[in-house]
Structures are given as structure tokens and as C-alpha cells.
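Spelled out, the chains give:
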Amino acid sequence: MSSRAILGEIHCHSTASDGQLPPLDLVRLAKRKGLGVLAVTDHNTWRGSILADRARRLVGGRPLVVFGNEVRTEYGDVLVLCPEPGSGEPRGLRELREWADENGCVLVAAHPFHVGRSSVGPRVRELLDVFDAIEVWNARGIPLLNLPAMRLAEKAGKPGTSGSDAHTPRELGVAPIVLPGEPRGPGEVLEWIRRGMVRPTLGLPGPLTVAGIVAWSLARRLGHAPGRG
């Protein structure tokens with residue numbers, strides 16, 4: 001294992017759900033930005049990460065693709081990160097935990113305290129045993145709303161992750177995780193998350209990035225943005 005730290009984006013979206021870029025372009029952009037690991041976590045579908053893995057094989061080299069899906073459970077959104085693309089994942093949180101164990105996957109509580117989003121919310125305190133890690137920094141939300149997640153992870157001794165939650169190109173890699181070295185495969189990335197060996201970063205989008213987020217959100221609401229692809 002290399003001793004040089006590697007940056008990884010483990011929370012982003014493509015045109016397979018509500019992101020602006022198709023998976024191929026996400027992979028190319030991640031490569032240009034120097035990201036060593038990429039997990040495309042489209043909403044309730046593995047399609048984005050499957051296409052990203054195919055694209056990575058075409059592009060060659062980095063980023064290593066971890067298969068991802070942001071699953072909407074009865075309590076809120078959960079990042080599901082796997083060594084292989086999943087299928088038949090349940091929407092019940094306890095059942096999803098069992099499914100994750102059977103498939104070698106990691107469950108991360110996504111933006112748990114961010115209001116106005118489908119978040120687990122304060123119930124995450126009662127459900128800590130379900131999660132492998134907590135997203136302590138989500139770059140798309142109000143920064144102060146990350147603080148309760150940071151405090152909870154520290155108090156509970158849970159690993160913390162970060163993510164840009166990128167839907168637009170400029171967002172990608174705004175808040176990556178820092179890995180301890182060059183992973184040999186997706187399974188090693190997941191093991192490092194479980195063992196608390198990754199470090200979150202606290203990046204925030206700049207003014208141009210925020211403008212792009214607003215423009216993309218308006219385009220989608222007005223029906224001027226492309227659908228799934």
C-alpha cells in the first residue's frame with residue numbers, strides 16, 4: 001500500500017438520477033481533478049455506478065470505482081457502498097443492514113441532520129448500530145447543520161465521511177475523503193471506511209459553484225434539464 005494519501009469522492013450523482021453529467025463525463029472529470037476513488041451514488045439505482053465502472057475501464061487508470069446507491073429508506077437517505085453492483089436491496093433500514101452484511105457493503109447515514117432533505121434526522125442516534133459510518137460533512141448543505149453529525153460521530157466512536165453530494169460539475173471533489181494510501185480494490189476502500197481509516201474534509205462550494213447549483217435546480221424544476229440517461 002502506498003503511503004501517499006489519496007482523495008476519494010463517495011457521494012455524487014449522474015444523469016442516471018438527478019445529476020447534470022453522464023457517468024462517463026463524471027469519470028473523466030474525476031480523473032482531471034486528481035480523484036483516486038469515485039462512488040457514483042444515484043438515487044435508488046446502481047445504473048450510474050455500473051456505467052461509471054465501464055467508463056473507467058475505457059478511460060484507464062484512476063479513479064477506482066466503488067459501486068454506490070443512495071437508497072431512500074423509511075427513515076431517510078442512506079449511502080450504500082459496495083464492492084460489486086447490488087440488486088434487490090430492501091428499503092427497510094434494518095433489512096438493508098442485513099442485505100449489506102450479506103453483500104459486503106457499507107452503510108453511511110447521508111447528511112443526517114440537514115433539514116429540507118430526506119435525512120434520517122435525530123433518529124440516527126437510535127439507529128447507530130445500523131450504520132458503518134456517518135456523513136459528518138455534506139458540502140451541499142448548510143455548513144452549521146453538519147456540526148451535529150460531527151459531534152455524534154465523535155461521541156459514538158463512529159467513522160466520519162464527507163462528500164460533495166455533487167449534482168453539477170464544479171461540485172465534484174469539493175469535500176472528498178482522504179484515504180491512507182492507494183487501495184487495491186473497492187473492498188479495501190470499504191474496509192478503510194469501516195475501520196475509521198479515512199478522513200473527512202470540510203470543503204465548501206465557491207460562488208460560481210453555488211450559481212451552477214441554483215441554475216441546475218431551476219432547470220430541473222422547470223423541466224429544462226435532461227432526464228435519466
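Residues numbered from 1 in each chain as written. Predicted model: local features only at pLDDT ≥ 70, side-chain atom pairs only at ≥ 80, totals over all residues. Heavy atoms only, no water.

**Considering the state of the cysteines**
Phase 1 of the analysis: By the definition in use, this model includes 1 disulfide.
Phase 2 of the analysis: The disulfide that involves Cys82 links it to Cys105, with 2.1 Å between the sulfurs. Measuring handedness by torsion sign, the sulfur bridge of Cys82 and Cys105 sits at about 115 degrees and is right-handed. Of this pair, Cys82 sits in strand β4 (residues 77-82) while Cys105 is found in the loop between α3 (93-103) and β5 (106-109), placing the two residues 23 residues apart along the sequence.
Phase 3 of the analysis: Classification of Cys82 by relative accessible area gives buried; the value is 0%.
Phase 4 of the analysis: Cys12 carries a free sulfur, and the closest cysteine sulfur to it, the one in Cys82, is 15 Å from it. (Disulfide = S-S within 2.5 Å. Helix = DSSP H or I, 4+ residues; strand = E, 2+ residues; numbered from the N terminus. Buried < 20%, exposed > 50% of the residue type's maximum accessible area, 1.4 Å probe, protein only.)

**Examining unusual backbone geometry**
Phase 1 of the analysis: That bond from Arg62 to Pro63 is cis: its omega, 0 degrees, falls within 30 degrees of zero.
Phase 2 of the analysis: Inspection of the secondary structure assignment puts Pro63 in the loop between α2 (47-59) and β3 (64-72).
Phase 3 of the analysis: The backbone of Asp165 shows a phi angle near 55 degrees, a positive value even though the residue is not glycine.

**Observations regarding a negative patch on the surface**
Phase 1 of the analysis: On the surface, Glu74, Glu95, Glu98 and Glu102 cluster together into a negatively charged patch.
Phase 2 of the analysis: Looking at the secondary structure, you find Glu98 in helix α3.
Phase 3 of the analysis: With a relative accessible area of 51%, Glu98 lands in the exposed category. (Patch = residues over 30% accessible without salt bridge, like charges linked within 9 Å, V, L, I, M, F, W, Y side chains within 5 Å. Areas by Shrake-Rupley, 256 points an atom, 1.4 Å probe, with all protein chains shown as cover. Salt bridge = Lys/Arg side-chain N within 4 Å of Asp/Glu carboxyl O. Lys, Arg positive; Asp, Glu negative; His and termini not counted. Charge placed at Lys NZ, Arg CZ, Asp CG, Glu CD.)

**Quick notes on the packing of aromatic side chains**
Phase 1 of the analysis: If you walk through the whole model with that rule in mind, you get 1 aromatic pair.
Phase 2 of the analysis: Ring centres of Trp46 and Trp99 lie 6.2 Å apart, and the angle between their planes is 35 degrees; this geometry places the pair in the tilted category. Taken together, the residues Trp46 in the loop between β2 (37-40) and α2 and Trp99 in helix α3 connect sequence positions 53 residues apart. The pair Trp46 / Trp99 is uniform in exposure class, with both members buried. (Phe/Tyr/Trp six-rings, centres within 6.5 Å; stacked < 30°, edge-to-face > 60°.)

**With respect to a nonpolar patch on the surface**
Phase 1 of the analysis: A surface patch of nonpolar side chains, about 360 Å² in accessible area, is lined by Val210, Val214, Leu218 and Leu222.
Phase 2 of the analysis: Topologically, Leu222 is positioned in the segment after α6 (207-221).

**Here we look at the sheet that holds strand β7 (residues 160-163)**
Phase 1 of the analysis: Reading across from one edge, β7-β6-β5-β4-β3-β2-β1-β8-β9 is the order of the 9 strands in this open sheet, with mixed pairing throughout. The sheet is open, and its two borders are formed by β7 and β9 (199-200), each paired with just one other strand.
Phase 2 of the analysis: Here β5 pairs with strand β6 (residues 133-138) via 2 bridges, running parallel. The partner of Val108 across the bridge, within β6, is Ala133.
Phase 3 of the analysis: Across the sheet, helix α5 (residues 186-194) is in contact with β1 (6-12), β2, β3, β4, β5, β6, β7 and β8 (177-179); its angle to β3 comes to roughly 55 degrees. (Pairing = 2+ DSSP bridges. Contact = heavy atoms within 4.5 Å. Axes fitted to C-alpha atoms, helices over the stretch in contact; angles between N-to-C directions.)

**Examining the side chain of Thr201**
Phase 1 of the analysis: Mapped onto the secondary structure, Thr201 falls in the loop between β9 and α6.
Phase 2 of the analysis: Among the polar contacts listed, one links the side chain of Thr201 to the backbone oxygen of Pro176, at a separation of 2.5 Å.
Phase 3 of the analysis: Here Thr201 is in contact with Trp137, Ser162, Ala175, Pro176 and Val178, once residues within four sequence places are set aside. (Polar contact = N/O pair within 3.5 Å; in protein donor to acceptor, adjacent residues only side chain to side chain.)

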